[in-house]
Amino acid sequence: MNLTQAYSPEHFRQEAHQLVDMLADYLSNAQNQILKTVIPYRLPEENLEVWQQDFEEGKGNTLAFFEKVIQQSTHLHHPRYMGHQVSPPLPIAALTGLLTGMLNNGMAVYEMGLVSNPLERILSDLLANKIGFMAHASGLLTSGGTLANLTALLAARAAKAPTDVWEEGHSGRLAVMVSEEAHYCIDRAARIMGMGSKGIIKIPTNERFQLRTELLEDYYQQASNKGLSVIAVIGSACSTSTGSYDDLKAIGEFCALHNLWFHVDGAHGGAVVFSEKYKSLVAGINLADSVVIDWHKMLMTPALATTLIFKNGDDAFKTFHQKAQYLWANQGSQEWFNSGKRTFECTKLMMSVKIYSILKAYGEEIFAENVDTLHGLAHDFVKILQANPRFELGVEPQSNIVCFRFVGERQNPEAYNSINTVIRQRLLEEGNFYIVQTTLHEKLYLRVSLMNPLTTKEDLVALLAGIEKIAATIG
């Protein structure tokens, strides 16, 4: 096949029909658990060998390749997928991915983002309203929470640093204050910005793994006495390991008292702003200067798609001041429709179209329904765990993340870590469930993120039964 034939509409039509049929079969088999394996796990080197052999075979049947990718991937649409915080995307949003992949319009400049830039504005305004920001708020989409959090901290530096670091470089020692349970990307962002380990002030957490707000003043004064200029405090909504929500209201009031930037990392749990039942978990989020919320977690959008919202829209344009004569005629103006003025990304994907397709098909009510369903599943799981004395909760969950461990007859606590490590590895190798693990106060816990709204109580009971079966074989 030559280049012209590779662009053939009829060839595309034929393969697309077959691929959609293939994906529909996958969706049905996963949802109905005809597909038994959630994760077809292999050791990394074994997996590499499989794909190296495929590569060495050269060109061939593309549809056979598609089928192989489906078979050998982790199946997020399976109700027994309970692993990482990645959503099984709605089929309509995945289908929109085919549309945007074909059109391939960027978003840096208006002419390349005739559809996606206006939709980004609409989605940002929607989230700003849900957060409780006023009309002057403004936002943008980025490829993931890590990039969004870094962008927010750069805006905090531009607004609160004693000098203009962007133009003059570092002339002082800057710092941010953050929970010791915050996502690692906050630590990474601060280091990228040149703050070093001393510029990342980690505040201890309470028994529920929430930032101890009563310690903020002492830690702030200690940092000031060491010559550090604290520019921001980051609140977690929620933390990654346990799904715990910090007291955003208390953090916001502290930041207002000391004229600090208040940033909320709501990558996972910020989705509760759509839920009347659970939005109280983020009380005080409207006090923030910036908020990050991932659409690809509890909002059922294909990864990656994250919104960063600024309470003051002007702050979105202060982060980057570079000129690009070939892109923008009006270099210094604040133009929401030229996305590249506010973000690292230039040729940004048409992610807003995927999100908007969900709103167009179902309305925002489907976001609330999903949040409520996933949180409800976590509450159901807690009851199932509490009814079984052979298991122990790590912490009473606030979100759809539940940490627990097998304790058996509670005769040898020193062995709990090793036993649960083996259990998790065996579950991975069997592939009938997919869960992960975390460490809380040096104790290893099994951890589930209930991301699939089609997961049932029966699936959760089956998970515990599977764990007990594995535990019975451990000497």
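In the block above lies the structure referred to throughout.
Since this is a predicted model, take the numbers as computed values, not measurements.

Asks: What exactly am I supposed to notice about the nonpolar core here?
Replies: Most often, soluble globular proteins have nonpolar side chains that are buried together. Residues W295, F404, L463 and I467 are the most contacted members of the largest nonpolar core, which totals 81 residues. Looking at which element gives the most residues to this core, the answer is helix α14 (residues 365-386), with nine residues. Core analysis: the next-biggest nonpolar cluster, separate from the first, contains 31 residues, L140, V176, W261 and V292 among them.

Asks: Explanation requested: the packing of helix α13 (residues 351-362) against α14 in the structure shown.
Replies: Between two packed helices, both the angle of their axes relative to each other and the distance between the axes serve to describe the pair. With their axes 8 Å apart at the nearest point, α13 and α14 run at an angle of 100 degrees to one another. As the angle between them shows, α13 and α14 are arranged roughly perpendicular. Of the residues in α14, those in contact with I358, L359 and Y362 of α13 are E365, I366 and F367. Within the contact of α13 with α14, the residues separate by chemical class into five nonpolar, no polar and one charged.

Asks: Looking at this model, I keep getting lost on the sheet that holds strand β10 (residues 436-440). Mind explaining?
Replies: Strands pair in a sheet through their backbones, by hydrogen bonds, and they do so in one of two ways: parallel or antiparallel. Spatial strand order, β8-β9-β11-β10: four strands in an open sheet with antiparallel pairing. Among the strands making up the open sheet, the edge pair consists of β8 (391-393) and β10. On average, each strand axis in the sheet is tilted by 40 degrees relative to the strand beside it, whichever way the strands run. In this sheet, strand β9 (residues 401-406) lies alongside β8 in antiparallel orientation, the contact comprising three bridges. Paired with L393 across the bridge in β9 is F404.

Asks: Where do I start with the packing of aromatic side chains in this structure?
Replies: Working definition: an aromatic ring pair is given by the centre-to-centre distance plus the angle between the planes. Following the criterion strictly, the structure yields eleven aromatic pairs and no others. An angle of 85 degrees between the planes, with centres 6.2 Å apart, marks the rings of W51 and F65 as edge-to-face. Highlighted residues: W51 in helix α3 (residues 44-56) and F65 in helix α4 (residues 62-72), separated in sequence by 14 residues. You can call W51 partly exposed: its relative accessible area is 27%. The exposure class assigned to F65 is partly exposed, which follows from its relative accessible area of 37%. Plain terms: the ring middles of F65 and F66 are 5.9 Å apart, the flat faces sit at 45 degrees to each other, and that makes the pair tilted. An aromatic cluster of at least three residues, connected via ring pairs, comprises F381, F391, F404 and F406. Its guanidinium or amino end placed over the ring of W51, K68 lies 4.7 Å from that ring's centre, counting from NZ or CZ.

Asks: Just checking my understanding: could you explain the pairing of strand β2 (residues 173-179) for this structure?
Replies: Working note: regular strand, side chains alternate between the two faces of the sheet. In terms of residue burial, β2 counts as a mostly covered element, since six of its seven residues are buried. Examined bridge by bridge, β2 and strand β4 (residues 228-236) share six bridges and lie parallel to one another. Its bridge partner being in β4, V178 is matched across the sheet by I234. In this fold, β2 hands off to helix α9 (residues 184-192), which returns the chain to strand β3 (residues 200-203); that crossover is right-handed.

Asks: Help me understand unusual backbone geometry, please; the structure alone is not making it clear to me.
Replies: With the exception of glycine, most residues fall at negative phi, and the peptide bonds are largely trans. That bond from A237 to C238 is cis: its omega, 10 degrees, falls within 30 degrees of zero. Residue placement: C238 occurs in the loop between β4 and α11 (248-258). Look at the link from A303 to L304: it is a cis peptide, with omega at -5 degrees. Structurally, L304 can be placed in the loop between β6 (290-294) and β7 (306-310). In this structure, H441 is a non-glycine residue whose phi angle is positive, near 50 degrees. Note on placement: H441 falls in the loop between β10 and β11 (443-449). Positive phi, close to 70 degrees, is recorded for E442, a residue that is not glycine.

Asks: Can you walk me through the environment of E365 in this structure?
Replies: Within the secondary structure, E365 is located in helix α14. For the pair E365 and E168, spaced 197 residues apart in sequence, the C-alpha separation works out to 47 Å.

Asks: Just to check I follow, could you spell out a nonpolar patch on the surface for this structure?
Replies: A cluster of nonpolar side chains, F12, V20, L95, L98 and M102, forms an exposed patch at the surface whose accessible area comes to about 450 Å². Listed by contribution, the elements that provide at least two residues to the nonpolar patch are α2 (9-31) and α5 (91-103). Considering every element that reaches the nonpolar patch, the biggest residue donor is α5, with three residues. Along the polypeptide, V20 turns up in helix α2.

Asks: Help me understand the layout of surface pockets in this model?
Replies: One water molecule sets the probe size; rolling that probe over the atoms shows where empty space is left. Taken as a whole, the largest pocket spans an internal volume of roughly 1400 Å³. L19, L23, F66, V69 and I70 are, among the 42 residues lining the largest pocket, the residues nearest its centre. Per element, the largest residue contribution to the lining of the largest pocket is ten residues, and it comes from α2. For the lining of the largest pocket, the per-class residue count stands at 25 nonpolar, twelve polar and five charged.

About the criteria used
Residues numbered from 1 in each chain as written. Predicted model: local features only at pLDDT ≥ 70, side-chain atom pairs only at ≥ 80, totals over all residues. Heavy atoms only, no water. Core = buried A, V, L, I, M, F, W, Y, C linked by side-chain atoms within 4.5 Å. Buried < 20%, exposed > 50% of the residue type's maximum accessible area, 1.4 Å probe, protein only. Helix = DSSP H or I, 4+ residues; strand = E, 2+ residues; numbered from the N terminus. Axes fitted to C-alpha atoms, helices over the stretch in contact; angles between N-to-C directions. Parallel < 35°, antiparallel > 145°, perpendicular 65-115°, else oblique. Contact = heavy atoms within 4.5 Å. Nonpolar A, V, L, I, M, F, W, Y, C, P; charged D, E, K, R; others polar. Pairing = 2+ DSSP bridges. Phe/Tyr/Trp six-rings, centres within 6.5 Å; stacked < 30°, edge-to-face > 60°. Lys NZ or Arg CZ within 6 Å of the ring centre and 35° of its normal. Right-handed = clockwise from strand over helix to strand, strands pointing away. Patch = residues over 30% accessible without salt bridge, like charges linked within 9 Å, V, L, I, M, F, W, Y side chains within 5 Å. Areas by Shrake-Rupley, 256 points an atom, 1.4 Å probe, with all protein chains shown as cover. Salt bridge = Lys/Arg side-chain N within 4 Å of Asp/Glu carboxyl O. 1 Å grid on protein atoms, 1.4 Å probe; cavity = no way out; pocket = protein on both sides within 12 Å on 5 of 7 lines; lining within 4 Å. Points joined across faces, edges and corners; volume = space filled by probe spheres on them.

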